[in-house]
Amino acid sequence: MANSYIIAIDFGTAYSGYAFSLTKREAETEPRLKYWGEQVALKTPKTPTCILFDEHENFLSFGYEAQSAYFKTRSDESRKKFFFECFKMSLYGKKLNSDVTIEAANGRSMKALKVFTEALRYLKEDALKFISEDSGGKQFIASDFTWVVTVPAIWDPSAKQFMREAATQAGIVTAGKEDRLVIALEPEAASVWCKKLPADGFKTENNSRVTFEQASGTQYIVVDCGGGTIDITVHEVLEGGALKELHKASGNDLGGQTVDKKFKEFLREIFSDSLWDAYEKEHPAELQKMMYEISVLKENDDDVEISCPYNLAEMAKEKQKMEKFFESLRGVSWNQGAIKISKQKVRSFFAESLNGITKSLREILKKDFRIEYILLVGGYARSLILRQHITNQFGGQYKVLCPSHPQEAIMKGAVLFGRNPALVASRISAFTYGVSLCHRFDESKHKADKRYTNKEGEWCDSIFCILVKENEEVGWDKTSEYSCTPIERDQTAITFAFYRTERKIQGLIYVDEWGVEKIGSIILESPDTARGMNREIKLQIKFGATEMTATAIDVDSGSTVKIDLDFMAKSIKSFRNNVWQK
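Residues numbered from 1 in each chain as written. Predicted model: local features only at pLDDT ≥ 70, side-chain atom pairs only at ≥ 80, totals over all residues. Heavy atoms only, no water.

(A) Layout of the pattern of salt bridges. Summed over the entire model, instances satisfying the criterion amount to 36 salt bridges. Note that Glu186 is salt-bridged to Lys88, the shortest N-O span being 2.6 Å. One end of the pair, Glu186, is in helix α6 (residues 186–196); the other, Lys88, is in the loop between β7 (82–85) and β8 (101–103), and 98 residues separate them in sequence. Grouping residues by exposure puts Glu186 and Lys88 together as buried. Across the pair Lys450 and Asp512 runs a salt bridge, and its minimum N-O distance is 2.3 Å. Of this pair, Lys450 sits in the loop between β22 (432–440) and β23 (451–454) while Asp512 sits in the loop between β27 (493–501) and β28 (516–525), placing them 62 residues apart in sequence. For Lys450, a relative accessible area of 9% translates into the label buried. Residues participating in the shared-partner salt-bridge network are Lys264, Arg268, Asp273, Asp277 and Glu280. (Salt bridge = Lys/Arg side-chain N within 4 Å of Asp/Glu carboxyl O. Helix = DSSP H or I, 4+ residues; strand = E, 2+ residues; numbered from the N terminus. Buried < 20%, exposed > 50% of the residue type's maximum accessible area, 1.4 Å probe, protein only.)

Pasting the structure below:
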């Protein structure tokens, strides 16, 4: 029976929060949220993804509290402390291991795993405390709940494993109860929630009275517009209401932070490289406060006025009169202590991000789908400039909608998904996955340099055995089974090495060819060697869930081992294959 005690942590690039349910009805209709920001006179469904450590790397605070504390520190103190914001993007596009480090605002580095672990630990403890207070003082512990942690769909498997490891170290789940942690893909969670909304629970930018119809066969695109990534999924509604993925997850790293960076580059252009470099180094906390103000201002389509921070103004005045900095630049002016940027100039800061979203959507829309809707979700979708752009580009052919509360869609949908992962019935494989095996050497088929000889004969090493193909539809709970045997009769351990590729598989034979990447490995102990090479080893893999899992079965002994695929090996060693498929 599905657990109704669910906590879903939406660990966003710019903002984080959680939703929860204590009953089946809550999980399926309206999960509850904590609202943040009381200490700064705000009430928001998420808190900034900021974390503060002291000079000895001891955790101090998270969210608004960390941001407020850091902004108030003197410049000499701020250079000692470790302040991280929007650090989730440090996982994007990287092959991760437990030793990867990330840079704090003061230029010093810490291990990424510690930063993520402490952030998740804070969110876990805050959730348990808040839910207890919200439930009349009833006490809860982490193991009472199914936990859901959201990640971008376009993340590498090593990044998903990294988040699971951080959650485990944070005490969210314990050994033997790993299934109490569900990894949810952000655009999928949003899609699940949008499907639950009433037809009129959306807003449009052209004042049309468009509703979201969800009959069987309806096809739509969800664009999760986050602070770091733009994450796109394509779904079709099936009979019974479950969702089927039609296109592999796609997107880019051109989220809302891209706009913030353009603002920052423009400020550098105003004040000169040398002055800006000195300001960044000497007053990191003051700079962070200004960038936070900018991130809030970009939600509107209007002229922007930014209060010039005290130390930036003082450093600038030492060089020349403030007005001089603005004389040669268009779209900006000095206005009694504030930097005024015109609406047209602000829009130009969005261009790279919006062009990236447009390009990604056009790639999908030129394919043979029957798309009716484009749904915009995520914190960046609160930007009027973004919503107007997508409506202008695609509103003539498709219905462009945004939930009334786009920042909450992922959190609430993740609660639903945590209760019932079958809500997404099937997915499209983003890669061709394979395992490295040996075959009996055949000089008419195999390269001479792949020949390997042991006491059992001659073998061809490193054959790419396809497990699932790119763009293949895979059921969320489907298990694929493969049978193989050891290549030596006294062999007591079986090693499986897994690979993936996006290249065309016609003509692909070996795992060391161009475009083939090793992603992980597992080792199975097989101590009973009585039947020698006639032992049967079964490999069962699930590709259709949000994480790949493998089970290895030594048929002779009857032992079954569920194995986590290791995508985070510090160095991927080369070793000779020791298993073959007859």
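(B) Here's a closer look at the environment of His389. Mapping His389 onto the fold places it in helix α13 (residues 384–394). With 384 residues separating them along the chain, His389 and Tyr5 place their C-alpha atoms 40 Å apart. Dropping the residues within four chain positions of it, His389 is found in contact with Leu354 and Thr358. (Contact = heavy atoms within 4.5 Å.)

(C) Structural context of the sheet that holds strand β17 (residues 332–335). If you trace the 3 strands from one edge of the open sheet to the other, you get β16-β18-β17, paired in antiparallel fashion. Each having just a single partner strand, β16 (304–307) and β17 make up the two edges of the open sheet. Strand-to-strand, the axes of this sheet are offset by a mean angle of 25 degrees, without reference to chain direction. (Pairing = 2+ DSSP bridges. Axes fitted to C-alpha atoms, helices over the stretch in contact; angles between N-to-C directions.)

(D) How the structure looks around helix α12 (residues 343–365). Between its terminal C-alpha atoms α12 stretches 31 Å, which fits the 33 Å expected from 23 residues at 1.5 Å a residue. At Ala351, α12 is bent by approximately 45 degrees, the largest bend along its length. Buried within α12 we find Val346, Phe349, Phe350, Ser353, Leu354, Gly356, Ile357, Thr358, Ser360, Leu361, Ile364 and Leu365. (Expected span 1.5 Å × (residues − 1). Bend = angle between axes of the 7 residues up to and from the residue.)

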